[in-house]
Amino acid sequence: MVKRFIPVLLLLAAVPFLMAENSISVDMELYNTVMKTRNSSLESYWAYIMAGKGAVSFKSTGNKNVRADLAGDMLYPDSSGIPGFVLQKAYIKAKFPTFRLTLGKTRLAWGDGFVFNSGDVIFGSTSPYVNLTGSEIRTDTTWLTSVNYPLGRFSFIEGLIVAPETNASGLGVIQDSGAGLRLYSKAGGIKIETGYYFDGSDKTSYDITYTNTLETLKINALHRPYISLQGNIGPDWYLNASVAVPAYNSTIVESIIKDTFNISMGLFHMMEVGYNNSLSFRLESVLLPYLNWIEKDGSAGSYAILVYPEIALGLGSTVSLSLRSIVSPIDLSAQITSGFSWNIFEGYNLLVYTTVNAGDGDDTFSWDKSTWTTGVDSIDGISMMFGVSFIY
């Protein structure tokens, strides 16, 4: 019953937006999806679903010093067969004469990277298992308070506090909170960003993989320093590095450092092609040097390097084609997603996506999961989506 009342609560919370100057938008996507699937008994079958989501956003527009956004996603179907609701954003940003204050549920962009970003120490952006069909790949948000203090035209210092997860009573343990600080500046045309995040959330288990054998440990809190550089040499380039250090257990410091030390890098370039056409290229990689450099059976997800190539072609303002992939060079597997979008009417787009996994059964991206023990139905090798989106 609670889920059914949440949309009503969202609309009630939006009343102040409706009474003031605001911008209201709805982004609805509906898909027909066919996918090769395996059930919990590892039996293969072809599945078909019709699913979609509706994103509603209420943004304030009437005050140059205050910005607010209340946004949520309606998703269908979920495991219960009932449409689910996710509160994606609920924040207010205020610009004071000497500082800026943000409160609410939102996302802070620490570091640089579209898919892989080692500087994203708050949310984590190194996992290879992502949905490549969206315009944004990393969209996680959390409840936080941040203060941004400008130090000059191109520099600032920012501090934040992240609220802990709540228990069944709706309360959070203060020791599980997060806190961080970052410094942003420019020198010689290069953006320099460095910072630190204390992740107090309780990790009930943590798998150490660099020893090539999984060892499950309990971690209570982590120190997460990072550094990020960004510049332009024709293409835009960016470089990030971070590591996690246990806050309380000194006996596993070396293990955690080796398991979490990671470097991400990327290049992005866009050019005009002919009249009113564009061609863009992106290449990113994440390196975890202490993980596996040699292919091993059953080591999917614990290899030392991943690569993300992307090419996108825009034909005028109506048609776009894209090819994206996450490649695991060590086990020679990849997830490949092709996309087609046609803006037929204003706000109305025809969308086609095909995703293929190319790899053996125990690779990072597997075509045939007959050897897996997933316990739940999962996509096995290929999925095809045909649908439409409408923004109004």
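Above this text sits the structure in question.
Computed from a prediction, not measured in an experiment: that's the story for all the values here.

1. Quick word on the overall build of the chain
- Along its length, the chain carries three helices and 21 strands.
- The buried share among the 392 residues of the chain stands at 40%.
- When contacts within the chain are restricted to residue pairs at least 6 apart in sequence, those whose partners lie at least 24 apart make up 51%.
- With the model as given, the accessible surface of the chain reaches about 21200 Å², and the carbon-plus-sulfur share is 62%.

2. Digging into the pattern of salt bridges
- Under the defined criterion, the tally for this structure stands at nine salt bridges.
- With a closest N to O distance of 2.2 Å, Lys191 and Asp112 form a salt bridge. Residue Lys191 is found in strand 9 (residues 190-199), and its partner Asp112 is found in the loop between strand 5 (100-106) and strand 6 (142-152); the two are separated by 79 residues along the sequence.
- Accessibility expressed as a relative area gives 3% for Lys191, which makes it buried.
- By relative accessible area, which is 21% here, Asp112 ends up partly exposed.
- For Glu193, the salt bridge goes to Arg182, with nearest N and O atoms at 3.0 Å.

3. Structural notes on helix 3 (residues 253-260)
- Along helix 3, the residues that are buried comprise Ser255, Ile256, Asp259 and Thr260. Projection of helix 3 onto a plane perpendicular to its axis shows the buried side chains occupying an angular sector of 110 degrees, all on one side.

4. Brief notes about the packing of aromatic side chains
- Under the definition given, this model contains seven aromatic pairs.
- A ring pair is formed by Tyr129 and Phe365, whose centres lie 5.9 Å apart and whose planes are at 65 degrees; its orientation type is edge-to-face. Of this pair, Tyr129 sits in the loop between strand 5 and strand 6 while Phe365 sits in the loop between strand 20 (348-358) and strand 21 (378-391), placing them 236 residues apart in sequence.
- Assessed through its relative accessible area of 2%, Phe365 is described here as buried.
- Here Phe390 and Tyr392 contribute two aromatic rings whose centre-to-centre distance is 5.2 Å and whose plane-to-plane angle is 25 degrees, an arrangement assigned as stacked.

5. Observations concerning the pairing of strand 6
- Relative to strand 6, strand 5 runs antiparallel, the two being bridged by seven bridges. Within strand 6, the residue paired with Leu103 across the bridge is Thr145.
- Here strand 6 hands over to strand 7 (residues 155-162) after two residues, the two strands then running antiparallel side by side.

Reading the values: the criteria
- Residues numbered from 1 in each chain as written.
- Predicted model: local features only at pLDDT ≥ 70, side-chain atom pairs only at ≥ 80, totals over all residues.
- Heavy atoms only, no water.
- Helix = DSSP H or I, 4+ residues; strand = E, 2+ residues; numbered from the N terminus.
- Buried < 20%, exposed > 50% of the residue type's maximum accessible area, 1.4 Å probe, protein only.
- Contact = heavy atoms within 4.5 Å.
- Areas by Shrake-Rupley, 256 points an atom, 1.4 Å probe, with all protein chains shown as cover.
- Salt bridge = Lys/Arg side-chain N within 4 Å of Asp/Glu carboxyl O.
- Arc of directions from axis to C-beta.
- Phe/Tyr/Trp six-rings, centres within 6.5 Å; stacked < 30°, edge-to-face > 60°.
- Pairing = 2+ DSSP bridges.

Distances and angles like these do not, on their own, reveal function.
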